[in-house]
Amino acid sequence: MKIQALEIQVGDRIIAYCNNKRQICTVRRILDPDQINITLSVFTTDHYRSSILRVIRFRRDALVDLAS
């Protein structure tokens with residue numbers, strides 16, 4: 001299912017490119033919802049102890065895949 005980046009909420013599992021590969025990421029925080037981009041802090045795995053925190057950006061009007 002696709003949603004607009006503007007509709008992403010904390011806890012959503014999205015599919016995004018991190019470290020040059022497409023993977024499932026869990027949204028930890030919405031850092032900066034400015035006028036042009038949305039900046040998210042995400043974990044790259046389900047297990048928070050072994051996951052890596054990354055920052056990713058989307059245009060506000062971008063379509064983002066939700067992981068099931």
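A short tour of the structure in this document, coming up. Nothing here was measured: the structure is a model prediction, and the numbers come from that model.

Tallying secondary structure elements over the protein chain gives 0 helices and 6 strands in all. Taking 2.2 N^0.38 as the reference for a compact globule, 68 residues should give roughly 11 Å; the C-alpha atoms of the protein chain span a radius of gyration of 11 Å, in line with that estimate. Summarising its shape, the C-alpha atoms of the protein chain cover approximately 35 × 25 × 20 Å along the three principal directions. The buried share of the protein chain, taken over its 68 residues, is 35%. Sequence-distant contacts in the protein chain: of pairs separated by 6 or more residues, those separated by 24 or more amount to 40%. Put simply, the protein chain shows about 4800 Å² of open surface, and 48% of that area lies on carbon and sulfur atoms. In the protein chain, 11 positive and 7 negative side-chain charges are present, and the distance between their average locations comes to 8 Å.

What follows is about the nonpolar core. With 14 residues, the main nonpolar core has Ile-8, Ile-14, Leu-40, Val-42, Ile-56 and Phe-58 as its most contacted residues. Broken down by secondary-structure element, the contributors of at least two residues to this core are strand S2 (13-18), strand S3 (21-33), strand S4 (37-43) and strand S5 (53-59).

In this section: the state of the cysteines. According to the stated counting rule, one finds 0 disulfides in the structure shown. Cysteine Cys-18 remains unbridged, with the sulfur of Cys-25 as its closest cysteine sulfur at 3.4 Å. In this structure Cys-18 comes out as buried when scored by relative accessible area, which is 3%.

A few words now on the sheet that holds strand S6 (residues 63-66). Across the sheet, which stays open at both edges, the 6 strands sit in the order S1-S6-S2-S3-S4-S5 with antiparallel pairing between neighbours. Only two strands of the sheet have a single partner each, and these edge strands are strand S1 (2-4) and S5. Strand-to-strand, the axes of this sheet are offset by a mean angle of 55 degrees, without reference to chain direction. Inspection of the sheet shows S2 paired to S6 by 2 bridges, in the antiparallel sense. Residue pairing across strands places Ile-14 opposite Leu-66, the latter belonging to S6.

With that settled, consider the pattern of salt bridges. A full pass over the atoms with the stated rule returns 3 salt bridges. Taken together, the shared-partner salt bridges in this structure form one network comprising Lys-2, Arg-22 and Asp-65.

Here the focus is the side chain of Asp-12. Inspection of the secondary structure assignment puts Asp-12 in the loop between S1 and S2. There is no salt bridge for the buried Asp-12, and the closest opposite charge comes from Arg-13, which lies 9.0 Å off by N-O distance. Within the local environment of Asp-12, its side chain forms a polar contact with the backbone nitrogen of Gln-9, the two atoms lying 2.9 Å apart.

Criteria and thresholds
Residues numbered from 1 in each chain as written. Predicted model: local features only at pLDDT ≥ 70, side-chain atom pairs only at ≥ 80, totals over all residues. Heavy atoms only, no water. Helix = DSSP H or I, 4+ residues; strand = E, 2+ residues; numbered from the N terminus. Rg over C-alpha atoms; globule rule 2.2 N^0.38 Å. Buried < 20%, exposed > 50% of the residue type's maximum accessible area, 1.4 Å probe, protein only. Contact = heavy atoms within 4.5 Å. Areas by Shrake-Rupley, 256 points an atom, 1.4 Å probe, with all protein chains shown as cover. Lys, Arg positive; Asp, Glu negative; His and termini not counted. Charge placed at Lys NZ, Arg CZ, Asp CG, Glu CD. Core = buried A, V, L, I, M, F, W, Y, C linked by side-chain atoms within 4.5 Å. Disulfide = S-S within 2.5 Å. Pairing = 2+ DSSP bridges. Axes fitted to C-alpha atoms, helices over the stretch in contact; angles between N-to-C directions. Salt bridge = Lys/Arg side-chain N within 4 Å of Asp/Glu carboxyl O. Polar contact = N/O pair within 3.5 Å; in protein donor to acceptor, adjacent residues only side chain to side chain.

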